[in-house]
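Observations on the model geometry
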Amino acid sequence: MLSKQDQLTELVRKLETKNHVFATDPLLITERLQDEQATSLQKIHRRAERIDSNGALASTLNKIDGRIKGIILIMSILWCVSGFLGLFALLQSNVVNFFYVLVCLLGFHTLMLVGWLIFTLINRGSQSPSIITSFISPKTLIRGKDDATQAAVELYDEQLQHTGMRWYLSRFSHQLWLATLTGMLFAIIFLLIVRQYSFSWESTLLSDQALMTLTHWLGWLPSLVGFNVPDADAVVQSRLVTEVMPLSIARQWASLLVGSLLMYGIVPRAIAWAFCAVMFNRKKMKIDLSLPYYQKIISFWQRKVVDEDDFVEKVQPVAPKAKVTQGDKLVALLEYKHHNPTWYHAAGEAFINSTPEDFGILDDREDMDRMLQYLDNHNVQVLLGIHAKALPDRGTMRKLDKLATHAKQGVIVQLLQDSDALEDDNSVRRQQWQTALAERNIGLVS
C-alpha cells in the first residue's frame, strides 16, 4: 500500500479534481510553498498536510486503516482460540495415537502450504481474487457518504487491486495459520502440564518397520534443535499401548509432538509469512509525480519568466508505426491487468485471425527470466500491452530493451487507455511513451 503521506497526498488529489472544499485553500498553500527549499515530493507532501489543516482527511484514512487492522487482529485471535479448542477436544483421551494426532495437527496445514507455494509459482504475474479481500474491503467497513469518505474508500480499493497486494493477502493468510498453530501449541503445552498421556502407534496397511522408520525421520529435524525424541526401544514399547506407559517414554513422544508442531508447522509458516512481507515491501506503491495534476503544481513552483525572443518551440518525438510480421505472435501485459481479454485485437487481423501465445502479466524479475527464456527458444513477435498508469521509467524501459534484444521478430507496443482517467492524463502519458519509444525505434500500435 501507499505510505501514510502518499495516501493523504493522493486523497487530496482525488478530492481537488472533484472540487471539494478543503479546510484551507489549496491555491494559497501552493503559492506559499513556492519559495520553500525542498524536493518536489517533500513539497507535495507538505502541501497535502497543510491543505488538511484540521486533520479531517488524515482522520478518515486512519479510521479505515484502524478498522482494517482491527479486523485482522480479531480474526487472528479467533483463529488462535479455534486452534486451542480444536486440539483441546482432540486430546481428551489419556491414551492417544501419536500419528493420528500428528496428521490432525499438520496434515491439512501442510497441504495448504504446499498448495500456496505451487499456486504462487504458477500464478506469479497477476492479482488473484481472494476471499480475504472481502474482509478488509473498505466498502464493507466504512459506510460514510460524504465526499472525503467516498474518495478514501476509492483510494483503498485501488490499492487492493495493485499486483503487489497479493503478497499482502498471502501474508494475512499465513498470519491466520500462525495464529491457529500457536493456539494448538498453547493447548498441547497446557494439557501436557496438567495431564499424563500415553502415546501409541498402529496401522492396518503400513508395516511396523515402516512406521518405525517414519518416526526416525520425523524426529531428525526436532532433534537438531534440542528436542528429546523417542529412541528405537521407546518406539517398540509404544506399539498398541492401552494403559499408562513409563513417564520417560511418554515425555519423549510429547517432546516429538511439540517439536514436530514447531519445526514442521510454525517455522515453515513463519518463513512464508516473512517472505510475503519482504515481497510486499518490494512491491510497495508510490505516488506518480508524472501525473498532470502533480506536474502542473511542480511547474508552478519552477516557473520563471522567459524572454519571448528566446523561446524555441520543442518538437515532440513520435514513435514509428508498428509493423506486424507474418510469423508467430506472443502477447503480454506490463505490470497491470486489463479488463478486456482480447485487447490485442486492436493490433490488426494478424492478431485477430491467429491465436497468439498469451504470456499474461509481466511484472517481476521471475516473469522477465521466464519471458526471455521463451523468446530465446521461439521465433515470435512480441506485442506488449502497456496500461495508461504505467510509467516509461528506467526500470520499465530496461525491461523493454531486453525484450527487444531477445525477440527474434521484434517488439511492438500497444497503449491501453484508461477510460476512467481524464483526457489530459491519457494524452500526457501517451506523449511520454511516444518519446521513449521513438528513442528506441520501437513501433507503436495506432
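Residues numbered from 1 in each chain as written. Predicted model: local features only at pLDDT ≥ 70, side-chain atom pairs only at ≥ 80, totals over all residues. Heavy atoms only, no water.

Before going further, it helps to examine the pattern of salt bridges. Pairing between side chains becomes possible if they bear opposite charge and their charged atoms approach one another. For the coordinates displayed, the defined rule picks out 11 salt bridges. Across the salt bridge formed by Glu10 and Arg13, the nearest N and O atoms sit 3.0 Å from each other. Taken together, the positions of Glu10 and Arg13, both in helix H1 (residues 4-17) and 3 residues apart, correspond to about one turn of that helix. Assigned by exposure class, Glu10 and Arg13 land together as buried. Here Glu154 and Lys14 are joined by a salt bridge, their closest N and O atoms 3.3 Å apart. Of this pair, Glu154 sits in helix H8 (residues 147-160) while Lys14 sits in helix H1, and the two are 140 residues apart along the sequence. Each of the salt bridges in this network shares a partner with another, and the network as a whole consists of Lys4, Asp65 and Lys69. (Salt bridge = Lys/Arg side-chain N within 4 Å of Asp/Glu carboxyl O. Helix = DSSP H or I, 4+ residues; strand = E, 2+ residues; numbered from the N terminus. Buried < 20%, exposed > 50% of the residue type's maximum accessible area, 1.4 Å probe, protein only.)

This paragraph deals with the nonpolar core. In summary, soluble globular proteins display a tendency toward joint burial of nonpolar side chains. Core analysis: the largest hydrophobic core is formed by 46 residues, its most contacted members being Leu11 and Leu57. Counting only elements with at least two residues in this core, the list comes to H1, helix H3 (40-51), helix H4 (56-90), helix H5 (98-122), H8, helix H9 (165-194), helix H13 (247-282) and helix H14 (292-301). For this core, the element with the highest residue contribution is H8, accounting for 7 residues. Apart from the residues lying within four places of it in its own chain, the contact partners of Leu57 are Leu8, Leu11, Val12, Leu15, Phe22, Asp52 and Ala148. Judged by nonpolar contacts, the second largest core, of 34 residues, contains Leu91, Trp201, Val235 and Val258. (Core = buried A, V, L, I, M, F, W, Y, C linked by side-chain atoms within 4.5 Å. Contact = heavy atoms within 4.5 Å.)

Turning next to helix H17 (residues 394-406). With 13 residues, H17 should cover 18 Å at 1.5 Å per step; its first-to-last C-alpha distance of 18 Å lies within 8% of that length. Looking at H17, one finds that the buried residues are Thr396, Met397, Lys399, Leu400 and Leu403. Viewed end-on, H17 has its buried residues packed into an arc of 155°, placing them on one side of the element. Summarising the geometry of H17, the exposed residues directed more than 90 degrees from the buried face are Arg394, Arg398 and Thr405. (Expected span 1.5 Å × (residues − 1). Arc of directions from axis to C-beta.)

Here we take up the domain arrangement of the protein. Examined at the domain level, the protein breaks down into domain 1 (4-301) and domain 2 (329-444). Between the C-alpha centres of domain 1 and domain 2 there is a distance of 34 Å. (Domains from an automatic or database assignment.)

The subject of this paragraph is the UniProt feature "transmembrane region" (unreviewed entry) in the protein. On the UniProt side, "transmembrane region" (unreviewed entry) is annotated at positions that read residues 71-92, 98-122, 176-197 and 253-280 here. The span residues 176-197 is 86% helix and 0% strand, and its two end C-alpha atoms sit 29 Å from each other. (UniProt positions renumbered as here; feature names shortened; annotations may be inferred.)

Residues Phe88, Ile189, Phe190, Ile193 and Val194 make up a contiguous nonpolar surface patch of about 460 Å² in total accessible area. The topology assignment puts Phe190 in helix H9. Exposure remark for Phe190: the relative accessible area of 41% places this residue in the partly exposed category. (Patch = residues over 30% accessible without salt bridge, like charges linked within 9 Å, V, L, I, M, F, W, Y side chains within 5 Å. Areas by Shrake-Rupley, 256 points an atom, 1.4 Å probe, with all protein chains shown as cover.)

One open sheet holds the 5 strands; their spatial order is E4-E3-E5-E6-E7, and the pairing between them is parallel. Among the strands making up the open sheet, the edge pair consists of strand E4 (357-362) and strand E7 (443-444). Here strand E5 (residues 380-387) runs beside strand E6 (residues 411-416); their pairing, made up of 6 bridges, is parallel. Residue pairing for E6: Ile386 is matched across the bridge by Leu415. Where helix H16 (residues 365-377) meets the sheet, its contacts fall on strand E3 (328-334), E4 and E5, and the angle it forms with E4 comes to roughly 155°. (Pairing = 2+ DSSP bridges. Axes fitted to C-alpha atoms, helices over the stretch in contact; angles between N-to-C directions.)

Moving on to the pairing of E6. For E6, the tally of buried residues reaches 6 of 6 residues, placing the bulk of the element in the interior. Crossover E5 to E6 through H17 is right-handed. Looking at chain direction, E6 and E7 are connected through 2 bridges and run parallel. Across the sheet, the residue bridging to Ile412 is Gly443, located in E7. (Right-handed = clockwise from strand over helix to strand, strands pointing away.)

The next point concerns a positive patch on the surface. A surface patch of positive charge is lined by Arg282, Arg365, Arg394, Arg398 and Lys402. If one sorts the elements of the positive patch by residue count, H17 sits on top with 3 residues. Looking at the secondary structure, you find Lys402 in helix H17. You can call Lys402 partly exposed: its relative accessible area is 47%. (Lys, Arg positive; Asp, Glu negative; His and termini not counted. Charge placed at Lys NZ, Arg CZ, Asp CG, Glu CD.)

This paragraph deals with the packing of H3 against H14. Put simply, H3 and H14 touch, their axes get as near as 11 Å, and they point 105° apart. Comparing their axes, H14 and H3 come out roughly perpendicular. Contacts between H3 and H14 involve Ser40, Lys43, Ile44 and Arg47 from the first element and Tyr293, Tyr294, Ile297, Ile298 and Trp301 from the second. Of the residues that constitute the contact of H3 with H14, the class distribution is 6 nonpolar, 1 polar and 2 charged. (Parallel < 35°, antiparallel > 145°, perpendicular 65-115°, else oblique. Nonpolar A, V, L, I, M, F, W, Y, C, P; charged D, E, K, R; others polar.)

Going through the model one piece at a time under the given rule, you end up with 12 aromatic pairs. Their ring planes at 45° and their centres at 6.0 Å tell us that Phe108 and Trp177 sit as a pair that is tilted. Taken together, the residues Phe108 in helix H5 and Trp177 in helix H9 connect sequence positions 69 residues apart. Ring geometry for Tyr168 versus Phe280: centroids 5.3 Å apart, planes at 50°, classification tilted. One end of the pair, Tyr168, is in helix H9; the other, Phe280, is in helix H13, with 112 residues separating them in the sequence. For Tyr168, a relative accessible area of 10% puts it in the buried group. (Phe/Tyr/Trp six-rings, centres within 6.5 Å; stacked < 30°, edge-to-face > 60°.)

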